[in-house]
Amino acid sequence: MGKRIIVFLMAAMLSFSVSAADFSLIGMIGYRETTSLSFPASSSIRLSFDGFSLMLRGQGASQLDGILSYDARVGKTISNEFSFHTSYIPAEGGWSDFAYIFSQNFHWGFFSLGYGIGISAGVAYSPYASNAVWAFSPLLELSGAFNIDPVSIELYFTMLDDWERDWKALPVFGLRLLWDIDGASSVFADGYIKWAEYLMDPVAMISGYGIRLGFIFRGDV
């Protein structure tokens, strides 16, 4: 009996160690101005665990967003992210989109560089329109960061920003400053601008901008 108990405990401990996985929690508050919404204060929370993540964002009662995603990583640099996003504006309608993006991130001492390429498909609907509107959009990402512990400064371009997901992908340019507190916790601040339609309009126009403050906690269970 004693040997069986020991074997059982060892198997349970092994199972626990195998199932252990990293998780992170990201909370953000900020000011977000667009051409369609008048309430500027926005906040979000994102929980990631073992490749899966869920983000919820609210802009008062003006707009509600949710993103469910899975990141299939390969090695130390390659990421394959699949994500589904939905947004709802009370009394106006909303939109949903599905995206896939392949990305790589490289680190050389105090400098890092990343890129991504993918595609998204979205649909927008409204009670005031008889038909839904569809769109297929290419996705591009590019980022570069200087990392001088405990501070990093990142300049980024993305068409898949969590706060600016739309039924068709639009470019976002931003600058982020991050301070690593203790390896498990970090704080950051960033600001960005969002372009309006870029495929049909020959003139680049800004359709929105925002500033964000955030906190990151990382751990394992």
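See the structure shown above.
To keep things clear, this report deals only with the structure shown in the data block. Please read all numbers here as calculations on a predicted model, not as lab measurements.

What about the pairing of strand β12 (residues 206-220)?
The pairing of strand β1 (residues 22-34) with β12 spans 13 bridges and is antiparallel. Paired with Met28 across the two strands is Gly214, which belongs to β12. With eleven bridges connecting them, strand β11 (residues 185-195) and β12 associate as antiparallel partners. Its bridge partner being in β12, Ser185 is matched across the sheet by Phe217.

As for the pattern of salt bridges
Per the counting criterion, the structure on display carries ten salt bridges. A salt bridge links Lys194 to Glu164, with the nearest nitrogen and oxygen atoms 3.2 Å apart. Residue Lys194 is located in strand β11, and its partner Glu164 is located in the loop between β9 (151-158) and β10 (172-180); the two are separated by 30 residues in the primary sequence. The pair Lys194 / Glu164 is uniform in exposure class, with both members buried. A single network of salt bridges, built from pairs that share partners, joins Arg32, Glu164, Asp166 and Lys194.

Thoughts on the packing of aromatic side chains
The description of an aromatic ring pair rests on the distance of the ring centres and on the angle between the ring planes. This structure, assessed with the given rule, holds eleven aromatic pairs. Judged by centre distance (6.0 Å) and plane angle (50°), the ring pair of Phe23 and Phe217 falls under tilted. A residue pair is termed long-range when its members are at least 10 positions apart, and Phe23 in strand β1 and Phe217 in strand β12 qualify at 194 residues. Overall, the relative accessible area of 33% leaves Phe217 in the partly exposed class. With 4.9 Å between their ring centres and 35° between their planes, Phe82 and Tyr100 make a pair best called tilted. With Phe82 in strand β5 (residues 78-89) and Tyr100 in strand β6 (residues 93-108), this pair connects stretches of sequence that are 18 residues apart. The exposure class assigned to Phe82 is partly exposed, which follows from its relative accessible area of 36%. Feature note: the residues Phe106, Trp108, Phe110, Phe111 and Phe146 constitute an aromatic cluster, connected by ring pairs. Cation over ring: Arg176 sits above Phe188, and NZ or CZ is 4.4 Å from the ring centre.

Rules used in this analysis
Residues numbered from 1 in each chain as written. Predicted model: local features only at pLDDT ≥ 70, side-chain atom pairs only at ≥ 80, totals over all residues. Heavy atoms only, no water. Pairing = 2+ DSSP bridges. Helix = DSSP H or I, 4+ residues; strand = E, 2+ residues; numbered from the N terminus. Salt bridge = Lys/Arg side-chain N within 4 Å of Asp/Glu carboxyl O. Buried < 20%, exposed > 50% of the residue type's maximum accessible area, 1.4 Å probe, protein only. Phe/Tyr/Trp six-rings, centres within 6.5 Å; stacked < 30°, edge-to-face > 60°. Lys NZ or Arg CZ within 6 Å of the ring centre and 35° of its normal.

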